[in-house]
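Descriptive analysis of the structure
Take a look at the letters that make up each chain.
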Amino acid sequence: MPALKIIIGNKTYSSWSLRGWLAVAHSGLVFEEELLQLDTPDFHERIGALSPSRTVPALHHGSEIIWDSLAIIDYCARLSPEKNWWPSETAAYGYARSIAAEMHSSYMGLRTHAPMNLRDSWTGLEFSEAVQRDVTKADNRWTTARERFGDGGEFLFGEFGAADMMFAPVVTRFLSYGMKLSETSTRYMEAVRNHPLVDAWYKDAAQETAVIEHDQVALDAKRLG
Ligand SMILES: N[C@@H](CCC(=O)N[C@@H](CS)C(=O)NCC(=O)O)C(=O)O
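Here goes a summary of the coordinates provided. (Residues numbered from 1 in each chain as written. Predicted model: local features only at pLDDT ≥ 70, side-chain atom pairs only at ≥ 80, totals over all residues. Heavy atoms only, no water.)

Here we take up the site of the ligand. Residues in contact with the ligand, as listed here, are Ser14, Ser15, Trp16, Phe43, His44, Thr55, Val56, Pro57, Asp68, Ser69 and His104. One of the backbone N or O atoms of valine 56 is found 2.8 Å from a nitrogen atom in the ligand. In this structure, serine 69 approaches the ligand through a side-chain N or O atom, which is 2.6 Å from an oxygen atom. At the level of secondary structure, the elements contributing two or more residues to the shell around the ligand comprise α1 (15-26) and α2 (41-50). (Near = heavy atom within 4 Å. Polar contact = N/O pair within 3.5 Å; in protein donor to acceptor, adjacent residues only side chain to side chain. Helix = DSSP H or I, 4+ residues; strand = E, 2+ residues; numbered from the N terminus.)

So, about the pattern of salt bridges. A full pass over the atoms with the stated rule returns 11 salt bridges. Of the charged contacts, one joins aspartate 204 and lysine 11 as a salt bridge, the two residues approaching to 2.7 Å between their closest N and O atoms. Separated by 193 residues along the polypeptide, aspartate 204 in helix α9 (residues 196-206) and lysine 11 in the loop between β1 (4-8) and α1 bring together distant segments of the chain. Among the residues examined, aspartate 204 registers a relative accessible area of 36% and is labelled partly exposed. On the accessibility criterion, lysine 11 (2% relative accessible area) is buried. Between arginine 46 and glutamate 34 there is a salt bridge, and its shortest N-O distance comes to 2.4 Å. (Salt bridge = Lys/Arg side-chain N within 4 Å of Asp/Glu carboxyl O. Buried < 20%, exposed > 50% of the residue type's maximum accessible area, 1.4 Å probe, protein only.)

Take a look at the structure:
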């Protein structure tokens with residue numbers, strides 16, 4: 001098997017990197033990681049050679065490069081089919097793919113105004129309606145997945161899998177920003193936060209010191225949100 005290496009951004013801030021990294025770590029295969037500091041001259045100088053989209057995450061597998069978090073999840077699923085990824089039952093599969101694709105292509109309120117930041121947490125922030133609509137949407141999707149398909153474990157479709165990887169950075173945002181969700185979603189968020197791979201990522205983030213100013217909007221959330 002050719003060597004696997006994932007190029008990621010700062011663990012504190014890079015939500016897409018977290019998704020790709022969870023996939024390669026969940027595969028159980030041996031991999032290396034290389035972390036580029038986002039928003040630095042070094043990032044802009046090096047990223048073109050490492051990722052065709054000039055974004056992280058990018059997975060290098062021998063001479064192949066797979067960029068984009070969702071593609072990395074699906075690629076890792078092919079490399080390690082014995083692990084749990086997408087649900088096998090058709091209705092659950094359809095729901096899982098739909099909510100993961102929706103995560104990838106929308107939630108702009110949350111993505112713009114409530115960035116991931118694992119080294120800080122806040123209470124009492126007021127976010128705009130756009131952000132609140134995204135919170136409600138995620139809450140509904142998670143509650144439905146748990147109620148319809150979640151019997152086999154604590155995650156959206158039972159065991160930890162691809163849909164949970166896509167939503168892990170949403171969970172971290174809701175935890176950082178103290179957002180209130182349904183009981184079912186709150187339990188789900190606890191399960192994600194306590195997952196060993198998510199916890200390992202948090203621990204690494206806690207060691208980081210770089211601050212990216214524009215990801216500190218929560219300090220000013222009332223105005224920016
Ligand atoms: N759709 C992409 C988004 C990747 C993305 O936007 N990554 C951000 C970091 S979280 C990035 O590389 N930003 C650097 C830049 O745009 O200069 C994916 O799913 O991987």
